[in-house]
Amino acid sequence: MTRLRITEIFHSLQGESRTVGLPTVFVRLTGCPLRCVYCDTAYAFSGGDWCSLDEILQQVREFGCSHVCVTGGEPLAQKGAGELLSALCDAGYEVSLETSGALDIGSVDPRVSRVMDLKTPGSGEVERNLMGNLDLLTARDQVKFVIGDERDYDWSRELLETHRLHQRCEVLFSPVHGALPAERLAEWVLRDRLPVRFQLQLHKLLWGDERGR
Ligand code: SF4
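These numbers come from a predicted model, not from an experiment.

## Observations concerning the overall build of the protein chain
(1) Moving on: Within the protein chain one finds 5 helices and 9 strands.
(2) Moving on: Taken from the N to the C terminus, the helices and strands of the protein chain come in the order β-β-β-α-β-α-β-β-β-α-β-α-β-α.
(3) Moving on: Against the compact-globule benchmark of 17 Å for 213 residues, the protein chain has a radius of gyration of 16 Å, which places it among compact chains.
(4) Moving on: When the backbone C-alpha atoms are referred to their principal axes, the protein chain occupies close to 50 × 35 × 30 Å.
(5) Moving on: Within the protein chain, the fraction of its 213 residues that count as buried is 51%.
(6) Moving on: In the protein chain, the share of contacts with a sequence separation of at least 24, taken over all contacts with a separation of at least 6, comes to 69%.
(7) Moving on: Approximately 10,000 Å² of the protein chain is accessible, and the part contributed by carbon and sulfur atoms is 49%.
(8) Moving on: Positive and negative charge centroids in the protein chain, built from 24 and 31 side chains respectively, lie 1 Å apart.

## Section: the nonpolar core
Looking at soluble globular proteins, one finds that nonpolar side chains tend to be buried together.
(1) Moving on: Core analysis: the largest hydrophobic core is formed by 47 residues, its most contacted members being Val-27 and Phe-173.
(2) Moving on: When residues in this core are grouped by element, the largest group, 6 residues, is from helix α2 (residues 81-90).
(3) Moving on: Sequence-distant contacts of Val-27, defined by excluding residues within four places in its chain, comprise Ile-6, Glu-8, Ile-9, Ile-56, Val-60, Val-68, Cys-69, Val-70, Thr-71 and Leu-84.

## Structural notes on the pattern of salt bridges
(1) Moving on: Applying the stated criterion to the full structure yields 17 salt bridges.
(2) Moving on: Taking the shortest distance from any N to any O, the salt bridge between Arg-211 and Glu-8 comes out at 3.5 Å. Here the residue Arg-211 occupies a position in the segment after α5 (202-207), and Glu-8 occupies one in strand β1 (residues 3-13), the gap between them amounting to 203 residues.
(3) Moving on: Here Glu-8 falls in the buried class, since its relative accessible area comes to 12%.
(4) Moving on: Put simply, Lys-144 and Asp-117 hold a salt bridge, and the shortest N to O gap is 3.6 Å. Taken together, the residues span a long stretch of sequence, with Lys-144 in strand β7 (residues 142-147) and Asp-117 in strand β6 (residues 113-118) at a distance of 27 residues.
(5) Moving on: Assessed through its relative accessible area of 10%, Lys-144 is described here as buried.
(6) Moving on: Residue classification places Asp-117 among the buried positions, given a relative accessible area of 9%.
(7) Moving on: Taken together, the shared-partner salt bridges in this structure form one network comprising Glu-16, Asp-117, Lys-119 and Lys-144.

## Points about the pairing of β6
(1) Moving on: Summarising burial for β6: 6 of the 6 residues are buried, a large majority.
(2) Moving on: Of the two faces of β6, the one carrying Ser-113, Val-115 and Asp-117 and the one carrying Arg-114, Met-116 and Leu-118 are both buried.
(3) Moving on: Where strand β5 (residues 94-99) lies against β6, 4 bridges are found, and the strand directions are parallel. By the bridge assignment, Ser-96 is partnered in β6 with Ser-113.
(4) Moving on: In terms of strand pairing, β6 meets β7 through 4 bridges, oriented parallel. Residue pairing in the sheet places Leu-118 in a bridge with Phe-145 of β7.

## With respect to the site of the ligand
(1) Moving on: All residues in the neighbourhood of the ligand are listed as Cys-32, Leu-34, Arg-35, Cys-36, Cys-39, Thr-41, Phe-45, Gly-73, Ser-100 and Lys-119.
(2) Moving on: Here the shell around the ligand is built from residues that sort into 5 nonpolar, 3 polar and 2 charged.

## As for the sheet that holds β7
(1) Moving on: Pairing is mixed in the open sheet, where 9 strands are placed in the order β3-β1-β2-β4-β5-β6-β7-β8-β9. The open sheet has two edge strands with one neighbour each: β3 (49-52) and β9 (197-198).
(2) Moving on: Where helix α3 (residues 150-162) meets the sheet, its contacts fall on β6, β7 and β8 (170-175), and the angle it forms with β7 comes to roughly 160 degrees.

## What about α2?
Because each turn of an α-helix spans 3.6 residues, side chains separated by three or four positions end up pointing in the same direction.
(1) Moving on: Within α2 the residues assigned to the buried category are Ala-81, Leu-84, Leu-85, Ala-87, Leu-88 and Cys-89.
(2) Moving on: Phi for Gly-92, located one or two positions after α2, is positive at around 95 degrees.

## Examining unusual backbone geometry
Leaving glycine aside, a negative phi is the common case for residues, and trans is the common case for peptide bonds.
(1) Moving on: Following Gly-72, the chain continues into Gly-73 via a peptide bond in cis, with omega recorded as 15 degrees.
(2) Moving on: On the secondary structure map, Gly-73 appears in the loop between β4 (67-71) and α2.
(3) Moving on: Despite not being glycine, Ser-17 has its phi angle at roughly 75 degrees, a positive value.
(4) Moving on: For Ser-17, the position within the fold is in the loop between β1 and β2 (23-29).
(5) Moving on: In this structure, Arg-193 is a non-glycine residue whose phi angle is positive, near 55 degrees.
(6) Moving on: Tracing the chain through its elements places Arg-193 in the loop between α4 (182-191) and β9.

So, how was this worked out
- Residues numbered from 1 in each chain as written.
- Predicted model: local features only at pLDDT ≥ 70, side-chain atom pairs only at ≥ 80, totals over all residues.
- Heavy atoms only, no water.
- Helix = DSSP H or I, 4+ residues; strand = E, 2+ residues; numbered from the N terminus.
- Rg over C-alpha atoms; globule rule 2.2 N^0.38 Å.
- Buried < 20%, exposed > 50% of the residue type's maximum accessible area, 1.4 Å probe, protein only.
- Contact = heavy atoms within 4.5 Å.
- Areas by Shrake-Rupley, 256 points an atom, 1.4 Å probe, with all protein chains shown as cover.
- Lys, Arg positive; Asp, Glu negative; His and termini not counted.
- Charge placed at Lys NZ, Arg CZ, Asp CG, Glu CD.
- Core = buried A, V, L, I, M, F, W, Y, C linked by side-chain atoms within 4.5 Å.
- Salt bridge = Lys/Arg side-chain N within 4 Å of Asp/Glu carboxyl O.
- Pairing = 2+ DSSP bridges.
- Near = heavy atom within 4 Å.
- Nonpolar A, V, L, I, M, F, W, Y, C, P; charged D, E, K, R; others polar.
- Axes fitted to C-alpha atoms, helices over the stretch in contact; angles between N-to-C directions.

Limitation: the analysis is restricted to geometry and does not speak to function.
Quick look at the structure:
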């Protein structure tokens, strides 16, 4: 029987991406092989409870919400993640996956909207990017750059242009919360006429770093 280690399941507003502001159930899987310097979910690196697919689906169902976001940690680090994503799709939910971009996204159910980070130099994990993932992105997906300084911005811009990422999927640029003033990133995006969506993390504006929000 497939079981996954779960840190938390909660109901909140989607804080990022194309569905920002929509009520969403978050399923946070435990564990991540990366250690980004700005990580705000280090509490999901360990612990968690083993749950069967039925138990997870039952908890999700209780919130009565049509959008589900599977997040982490790094969800794809658990063997059963693909099965969970497909089971949520089969149950009729609009499903998104937040993934670091360090693991192969190729086997993810095509009904899932993949929101994939590309780790910038300032994350400390740039070497972990699996660049082959870029060729797998489709219009259902989004690629996210979390930008901490000008070097990160230049790196992100170059990658965007080299790989014509905006022609594949939606591209999101966000400042590292507390490191880069949001208005500076907004001005760079406008100055350079970048075809990207600038975004702030809505849940941080509403609730700061409160867990389960
Ligand atoms: S990939 Fe995500 S969960 Fe893992 S260390 Fe980086 S920010 Fe944290």
